[in-house]
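Examination of the molecular architecture
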Amino acid sequence: MKRREFTGLAAAALAMGGLPLRGFADETCQSPYMPMITGHEEYIYVWTLGVEGMGDEQDKLVTVDVRPGSDTRGEVINSVSVGGRNEAHHGGFSADRRYFWAGGLDTNRIFIFDVHSDPSNPTLHKVIDTFVKDSGGVVGPHTFFALPGRMLITGLSNDDDHGGRTALVEYNDDGDFVATHWMPTEADMQGAVAVDGAVADGYGYDIRALIRKNIMLTSSFTGWSNYMMDFGQMLGDPEAMKRFGNTIVQWDLHTRQPRKVFNVPGAPLEIRFPWGANANYAFSTTALTSKLWLIYEDDTGEWQAKDVGDIGNPADVPLPVDISIAADDQTLWVNTFMDGMTRLFDVSDPHNPRMVYEKVIDRQVNMVSQSWDGERVYFTSSLLANWDKKGDDNAQYLKAYTWNGSELIDDFEIDFNALKLGRAHIMRFGSAALYA
Amino acid sequence: MRLNLIVPALVSVLVPAVFLVLAGWQFGWLGASSPAAPYASVFPPDESFQFDPPPAGSYDLPVIKQAPDGRVLDIDGQVRSLSGITGGKVSLVSFVYLTCGDVNGCPLAMSTLFDIYYASGEIPGLRDRLQLLTISFDPERDTVEAIDAFAYPIRNDGEADQRVPWQVLTTAGQTDLQPILDGYGQVVDRAPDQDSISHLLRIYLVDGRGQIRNVYGLGLIDPRLLMTDVETLLMQESGT
């Protein structure tokens, strides 16, 4: 596989003035507004769900040392608990990368951690307890996507019926509410156009943007009544299984106005844009139908969506979860929760992705993050407290691998059950070099 | 001559020269726009921004936060209140330092502001409703004398009375500066040697009531986009 040079685009994305360029290493799937780590990532922050009867039983931000040569490399070096369980889920840095915002899907609390004063030991800086009231009824703060001076947060649900109808919510960097943008619905399209018979469901999940095209995309999952239900019970409830999103919405990034609603059946989750200067597309995967989707600009300048391949055997419902695109846009890691497997797709031709590698990580797997150079790949385990597997299958971990271009080589592993930490969910990288 | 004397002398000579050259670049495309055309139409498209700005007034610019007040110094060395300067006009505010050499930092912000400054004469009445502010975050080197030298092409612009005012400001020191930076949310990291100052490039859109209505970073510093937002704010203020 040819890997093209990407130093130029990395330099373009480096927004810190006055700093010399060193080597690049960073996770590849964050807001492009954000400064990147120069050099090796030093810490991994893991937003972790507390478990009743385990340790302090609280949600916590766990810091793992990954500094090369450190005596504590591969170990938990700090942990800050937040005083309760909130269904900890996703989080993201502010655009200046000084604070890490993390949400609780059940309590709707948002925790803002200071990660710049001492990147090895984050502290809880502020808690937003008024998300539902501020936003006018949005429930389930999910993706935190940084914009200059503010944070754009996707909701998963609402406090009216606890279904999937939801909105995007903006706060400023001080943690004060700015605005709510409700997702388009069939009854209120807000000027958006439904493509190929799509029915705007108003659901939400992930959000990503392609700045130079002024394009923003959002995906659609399910509401509180499902994501807080026992997984087995939900699978056996035909009515509950109808309450999943089937759309991806294209927005005008600048105005936050919806433009198109695409039909993407089966709960499209993560969205990833590539970094290339001429790469005008994004990938997503569908949880229930196990498909890889491409949202792309066609030859006429119109954006379209199409299914470009299966992930495993869709009939087995492997449940695709997190994905991670390489910084050179040539490969895409795709995790599937039920079989605990990661798969690497060659996406050098985005219209014809091809699986080139697969490996079972453990009995269950959810999140994947990779370094900017693609040589280090990290995995964590938890999906949702009530959806994780039971008993011995409930493996909870952070696992680190080296990718040598053809296979994943074991590096280190941290057992979150044995350390009585809880369920390991989203990972984000930290480094003191950002604040020198 | 000692180094600490050479640098300000060079700055006082080179900076105006650089911006006089920048000014010259602008004249090639000025004069082609219609007074009734959208503000954005007086700027040529840039290949970095592969979209047309939305129609002015077709969207909202919610209040992000109140901009901070503070004490600043103008090019005459007069102590002025920041809120006194921004009150009553829409402002585009950027924090810069004169010796910044990063192409994606202050020079990009300054180039964009100069684009807007020179093009503003094409938009009738704009100078009464919009102003530009640059505030130094390097007050030790960007003294009143240094910013006065920087402002040379503006002070000596024969058409300045047709263009938007440009307030070139510094502060008496870090004690006055830091609360302003904190209030805006402008991140600045100083290296121990003070020679390099790392910062995130930001331009802030502030309305006439001193409220921040948009924040632009790398990837958004397109004069067409900034001026579309300015036009949107002015349309809202005038009820059109």
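Residues numbered from 1 in each chain as written. Chains lettered and ligands numbered in written order. Predicted model: local features only at pLDDT ≥ 70, side-chain atom pairs only at ≥ 80, totals over all residues.

**Focus on the overall build of chain B**
Within chain B, the secondary structure is distributed over seven helices and 10 strands. Per-residue burial for chain B yields a buried fraction of 46% across its 240 residues. For chain B, the proportion of contacts with a sequence separation of at least 24, taken over those separated by at least 6, is 76%. (Helix = DSSP H or I, 4+ residues; strand = E, 2+ residues; numbered from the N terminus. Buried ≥ 20, exposed ≤ 12 C-beta atoms within 10 Å, placed from the backbone. Contact = placed C-beta atoms within 7 Å.)

**Some remarks on the overall build of chain A**
Check the secondary structure of chain A and you find five helices and 32 strands. For 436 residues, the compact-globule estimate of 2.2 N^0.38 gives 22 Å, and the C-alpha radius of gyration of chain A, at 20 Å, lies within 12% of that figure. When the backbone C-alpha atoms are referred to their principal axes, chain A occupies close to 60 × 50 × 45 Å. When the 436 residues of chain A are sorted by exposure, 58% land in the buried category. Counting only contacts in chain A whose residues sit at least 6 apart along the sequence, the fraction spanning at least 24 positions is 53%. (Rg over C-alpha atoms; globule rule 2.2 N^0.38 Å.)

**A short note on helix α7 (residues 223–238) of chain B**
All names here are of chain B. Given a rise of 1.5 Å per residue, 16 residues ought to cover 22 Å, and the 22 Å separating the end C-alpha atoms of α7 matches this to within 8%. Counting buried residues in α7 gives 12 out of 16 residues, a clear majority hidden from the surface. Restricting attention to buried positions, one finds in α7 the residues Pro-223, Arg-224, Leu-225, Leu-226, Met-227, Thr-228, Asp-229, Val-230, Glu-231, Thr-232, Leu-233 and Leu-234. Looking at the buried positions of α7, the neighbouring elements they touch are β4 (90–96), α3 (106–119), β5 (130–136), β9 (203–206) and β10 (211–216). Immediately beyond the C-terminal end of α7, within one or two residues, lies Gly-239, with a positive phi of roughly 75°. (Expected span 1.5 Å × (residues − 1).)

**Some remarks on the interface of chain A and chain B**
Of the residues lining the interface, 30 residues belong to chain A; the matching set on chain B comes to 32 residues. Of all the secondary-structure elements, those providing two or more residues to the side of chain A that touches chain B are β1 (16–17) and β14 (177–182) of chain A. Class assignment for the residues of the side of chain A that touches chain B results in 13 nonpolar, eight polar and nine charged. (Nonpolar A, V, L, I, M, F, W, Y, C, P; charged D, E, K, R; others polar.)

**Observations concerning the sheet that holds strand β27 (residues 354–360) of chain A**
Residue and element names in this part refer to chain A. The four strands lie next to each other as β24-β25-β26-β27, forming an open sheet whose pairing is antiparallel. Edge strands, defined here as strands with exactly one partner in the open sheet, are β24 (320–325) and β27. Across the sheet, the axes of successive neighbouring strands diverge by a mean angle of 20°, strand direction being ignored. Two strands pair when backbone bridges link them, and β24 and strand β25 (residues 331–336) are joined in this way by four bridges, in the antiparallel orientation. Opposite Ser-324, over in β25, you have Trp-333 as the bridge partner. (Pairing = 2+ DSSP bridges. Axes fitted to C-alpha atoms, helices over the stretch in contact; angles between N-to-C directions.)

**Thoughts on α3 of chain B**
Owing to its 3.6 residues per turn, the α-helix aligns residues three or four sequence positions apart on the same side. Residue and element names in this part refer to chain B. Look at α3: 20 Å from first C-alpha to last across 14 residues, which is about the 20 Å you get at 1.5 Å a residue. Burial of α3 is extensive: 11 of the 14 residues sit out of reach of the surface. Of all the residues in α3, the buried ones are Cys-106, Ala-109, Met-110, Thr-112, Leu-113, Phe-114, Asp-115, Ile-116, Tyr-117, Tyr-118 and Ala-119.

**A word on the nonpolar core**
Counting residues in hydrophobic clusters, the biggest one holds 191 residues, and the most contacted among them are Ile-44, Val-46, Ile-295 and Leu-398 of chain A. At nine residues, α3 of chain B tops the list of elements feeding residues into this core. (Core = buried A, V, L, I, M, F, W, Y, C linked by C-beta atoms within 7 Å.)

**What about the confidence of the model for chain B?**
Regions with low pLDDT carry predicted coordinates that are not meant to be interpreted in detail. Of the residues in chain B, 83% reach a pLDDT of 70 or more, and the chain-wide mean stands at 85. Across residues 1–35 of chain B, confidence stays below pLDDT 50; counting only partners more than four residues off in sequence or on other chains, it has 34 contacts. (pLDDT = per-residue confidence, 0-100.)

**Focus: the pairing of strand β20 (residues 268–272) of chain A**
Residues and elements named next belong to chain A. Counting buried positions over the five residues of β20 gives five, a clear majority of the element. Where β20 lies against strand β21 (residues 281–286), three bridges are found, and the strand directions are antiparallel. Looking at the pairing, Arg-272 lines up with Phe-283 of β21.

**Some remarks on the environment of Gly-83 of chain A**
Residue and element names in this part refer to chain A. Structurally, the position occupied by Gly-83 is in the loop between β4 (76–81) and β5 (88–93). When the 14 C-beta atoms within 10 Å are taken as the criterion, Gly-83 is described as partly exposed. In the structure, Gly-83 is positioned 207 residues away from Ser-290 in sequence and 37 Å away in space, judged by C-alpha atoms.

**Re the sheet that holds strand β32 (residues 423–430) of chain A**
All names here are of chain A. Taken in spatial order, the four strands of this open sheet run β4-β3-β2-β32, and their pairing is antiparallel. Edge positions in the sheet fall to β4 and β32, since each has one partner strand and no second. Each strand axis lies, on average, 25° off the axis of its neighbour in the sheet, ignoring direction.

**A few points about the confidence of the model for chain A**
Averaged over all residues, the pLDDT of chain A is 92; the fraction at 70 or higher stands at 93%. Residue range residues 1–26 of chain A is modelled with pLDDT below 50. Its contacts to residues more than four positions away, or to other chains, number 68 contacts.

**Digging into unusual backbone geometry**
With the exception of glycine, most residues fall at negative phi, and the peptide bonds are largely trans. Residues and elements named next belong to chain A. Unlike most non-glycine residues, Asn-214 shows phi in positive territory, near 60°. The phi torsion at Ser-290 lies on the positive side, around 55°, for a residue other than glycine. Tracing the sequence through the fold places Ser-290 in the loop between β21 and β22 (291–297).

**Examining the environment of Leu-130 of chain B**
Residues and elements named next belong to chain B. Note that Leu-130 resides in strand β5. When the C-alpha positions of Leu-130 and Arg-163 are compared, they lie 9.5 Å apart, and in sequence the two are 33 residues distant. Not counting the four nearest positions on each side in its chain, Leu-130 is found in contact with Lys-89, Val-90, Ser-120, Val-164 and Val-230.

**Looking at the packing of α3 of chain B against α7 of chain B**
Residue and element names in this part refer to chain B. At a minimum axis separation of 10 Å, α3 and α7 run at an interaxial angle of 55°. The pairing of α3 with α7 is recorded here as oblique in orientation. By crossing handedness, the relation of α3 to α7 is classed as right-handed. Contacts from Thr-112, Asp-115 and Ile-116 in α3 reach Pro-223, Leu-226 and Met-227 in α7. Partitioning the contact of α3 with α7 into residue classes produces four nonpolar, one polar and one charged. (Parallel < 35°, antiparallel > 145°, perpendicular 65-115°, else oblique. Left-handed = near helix turned anticlockwise from the far one by under 90°.)

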